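Observations on chain architecture
The chain contents come next:
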Amino acid sequence: MRRAFDLALQHLGNVKQNPIVGAVIVHNGRIIGEGAHQQFGSAHAEVNAFNSVKQEDFHLLPQSTMYVTLEPCHHFGNTPPCVNAILKHKIPTVIISCVDPNPQVYMKSINRMRLEGVTVEVGVEEEHGKELIKRYLTFREKKRPFVILKYAQSKDQFIGQEGKQVWLTNAISKKLVHKWRSKESAILVGRNTAVTDDPGLTTREWTGNHPTRVVLDTRLVLPPTLQVFNGNSPTLVLHYSGSPLQAKANLEYRKLSSERFDVTEILEVLYKEQLKSVIVEGGANILSQFIESNLWDEARVFTSTQKLETGIAAPLINQQPVMKQDIAGDLLEIYRNYPEQ
């Protein structure tokens, strides 16, 4: 099962609103096939595992066990139901980490396999399995994206200085942030951050998908020369009033109902856009609104060795981190706002 988890994790960020899934086929302690859901719209993990089985091992399938991180799908979508492939290949035993909360799937594949005589065990490494699909579970069960807060603060707990770009973390931390971005659906910043830092909000220092850029601009006053409008990756601007820029590649607008950004409404819009996760990268006011609304799931906070003496106070998270790590001198602390599975 842990091998199946590893296979699934390799494709985090590639499957859009779908869950990441891994599958392994074992015969007498030997792996004869394995696969993962690699790309949205492409074959699922179970099918890729069957496709990886060598011709000379095909006759072993009716005596093999399949380990899969999530209940196999039961419905036709972009691909046929995976449960059909399992039954077709006469797999006698299927070990599943988690059931799928999707109403089109929930317990349907498990019950069908059992009716067909397949031995099905559910809940193996379930805690690990739920952690693996925490974005999918949040999206399905809470009807919103999985929210990750990310910011850097000085040693004396300032996030920056008014109207001035301040770089606090080192190059290694920066590359790590770009790796994180490649794993998530969207990245969100407010107007002040867009103007002051003029960030590209891409994964240019890491190989991977660019997240959808989400920019909060109440009155649409941001200049079109900013990097967020360069068309390099999908960009969604949330606003209350003002005139959108002329049609441009990779640029869309969504009008909100309130002039003052409401975190709940922002997340509703992102949910409708099928964005399964979002990294909120600033500024301080936006981050604080997510914290005060208690609408966040994870926070990743860098503390630099630099001191600023004065500036914009960093957001405050009133709990203990679940993990601390030294990143070439920067202190990275991870916070969780969801219970252990």
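Further up the page is the structure itself.
Computed from a predicted structure; not experimentally measured. (Residues numbered from 1 in each chain as written. Predicted model: local features only at pLDDT ≥ 70, side-chain atom pairs only at ≥ 80, totals over all residues. Heavy atoms only, no water.)

Once that is clear, we can look at the overall build of the protein chain. Within the protein chain, the secondary structure is distributed over ten helices and 16 strands. Here the C-alpha atoms of the protein chain give a radius of gyration of 22 Å, agreeing with the 20 Å that 2.2 N^0.38 yields for 341 residues. Overall size of the protein chain, expressed as C-alpha extent along the three principal axes, is 70 × 45 × 35 Å. In the protein chain, of all internal contacts separated by at least 6 residues, the share reaching a separation of at least 24 is 68%. Accessible surface, the protein chain as shown: approximately 16100 Å² in total, 48% of it carbon and sulfur. In the protein chain, the 39 positive side-chain charges and the 36 negative ones have mean positions that sit 3 Å from each other. (Helix = DSSP H or I, 4+ residues; strand = E, 2+ residues; numbered from the N terminus. Rg over C-alpha atoms; globule rule 2.2 N^0.38 Å. Contact = heavy atoms within 4.5 Å. Areas by Shrake-Rupley, 256 points an atom, 1.4 Å probe, with all protein chains shown as cover. Lys, Arg positive; Asp, Glu negative; His and termini not counted. Charge placed at Lys NZ, Arg CZ, Asp CG, Glu CD.)

On to the pairing of strand S9 (residues 212–216), then. For S9, the buried fraction is high: five of the five residues fall into the buried class. Burial along S9 is two-sided: Thr212, Val214 and Leu216 facing one way and Arg213 and Val215 facing the other are all buried. In the sheet, strand S8 (residues 186–190) pairs with S9 via five bridges, with the strands oriented parallel. In the sheet register, Leu188 faces S9, and the bridge partner there is Val214. After leaving S8, the chain enters helix H8 (residues 191–197) and then returns to the sheet as S9, a path that is right-handed. (Buried < 20%, exposed > 50% of the residue type's maximum accessible area, 1.4 Å probe, protein only. Pairing = 2+ DSSP bridges. Right-handed = clockwise from strand over helix to strand, strands pointing away.)

Attention shifts here to the sheet that holds strand S4 (residues 93–98). Pairing is mixed across the open sheet formed by five strands, whose spatial order is S2-S1-S3-S4-S5. Bordering the open sheet on either side are strand S2 (30–36) and strand S5 (119–122), each of which pairs with just one other strand. Across the sheet, the axes of successive neighbouring strands diverge by a mean angle of 15°, strand direction being ignored. Bridge count for strand S1 (residues 22–27) against S2 is six bridges, and the pairing is antiparallel. Paired with Val24 across the bridge in S2 is Glu34. Contacting S1, S2 and strand S3 (65–70), helix H2 (residues 45–52) runs over the sheet at an angle of about 135° to S2. (Axes fitted to C-alpha atoms, helices over the stretch in contact; angles between N-to-C directions.)

Listed in full, the buried residues belonging to H2 are Ala45, Glu46, Asn48, Ala49 and Phe50. Check the buried side of H2 and you find it contacts S1, S2, S3 and helix H3 (82–88).

Now for the pattern of salt bridges. A complete count under the given rule lists 17 salt bridges for this structure. With a shortest N-O distance of 2.8 Å, Arg135 and Glu184 are connected by a salt bridge. One end of the pair, Arg135, is in helix H6 (residues 134–142); the other, Glu184, is in the loop between helix H7 (171–182) and S8, with 49 residues separating them in the sequence. Each of the two residues, Arg135 as well as Glu184, counts as buried. The shortest N-O distance in the salt bridge between Lys150 and Glu281 comes to 3.6 Å. Taken together, the residues Lys150 in strand S6 (residues 146–153) and Glu281 in the loop between strand S12 (277–280) and helix H10 (284–292) connect sequence positions 131 residues apart. Its relative accessible area of 13% is what places Lys150 among the buried residues. The class of Glu281 is buried, set by a relative accessible area of 13%. Bridged by salt links that share partners, the residues Glu131, Lys134, Glu298, Arg300 and Arg336 form one connected network. (Salt bridge = Lys/Arg side-chain N within 4 Å of Asp/Glu carboxyl O.)

So, about the side chain of Glu265. Along the polypeptide, Glu265 turns up in helix H9 (residues 263–272). Although Glu265 lies buried, it forms no salt bridge, and the closest oppositely charged side chain, Lys272, sits 7.6 Å away as judged by the N-O distance. Setting aside residues no more than four positions away along its own chain, Glu265 makes contact with Leu256, Ser257 and Ser258.

Under the definition given, this model contains three aromatic pairs. Ring centres 4.7 Å apart and planes at 45° place the aromatic pair Phe139 and Tyr271 in the tilted group. Placement of Phe139 in helix H6 and of Tyr271 in helix H9 is noted, with a sequence separation of 132 residues between them. Exposure remark for Phe139: the relative accessible area of 6% places this residue in the buried category. Relative to Tyr338, the ring of Phe146 lies with its centre 5.9 Å away and its plane at 65°, an arrangement referred to as edge-to-face. Within this pair, whereas Phe146 is found in strand S6, its partner Tyr338 is found in the segment after strand S16 (330–336), the two being separated by 192 residues in sequence. The residues Phe146 and Tyr338 share a single accessibility class, namely buried. In this structure, Lys174 packs its charged tip against the face of Trp167, placed 5.2 Å from the ring centre. Seen from the ring of Trp180, Arg300 lies directly overhead, with NZ or CZ sitting 4.7 Å from the centre. (Phe/Tyr/Trp six-rings, centres within 6.5 Å; stacked < 30°, edge-to-face > 60°. Lys NZ or Arg CZ within 6 Å of the ring centre and 35° of its normal.)

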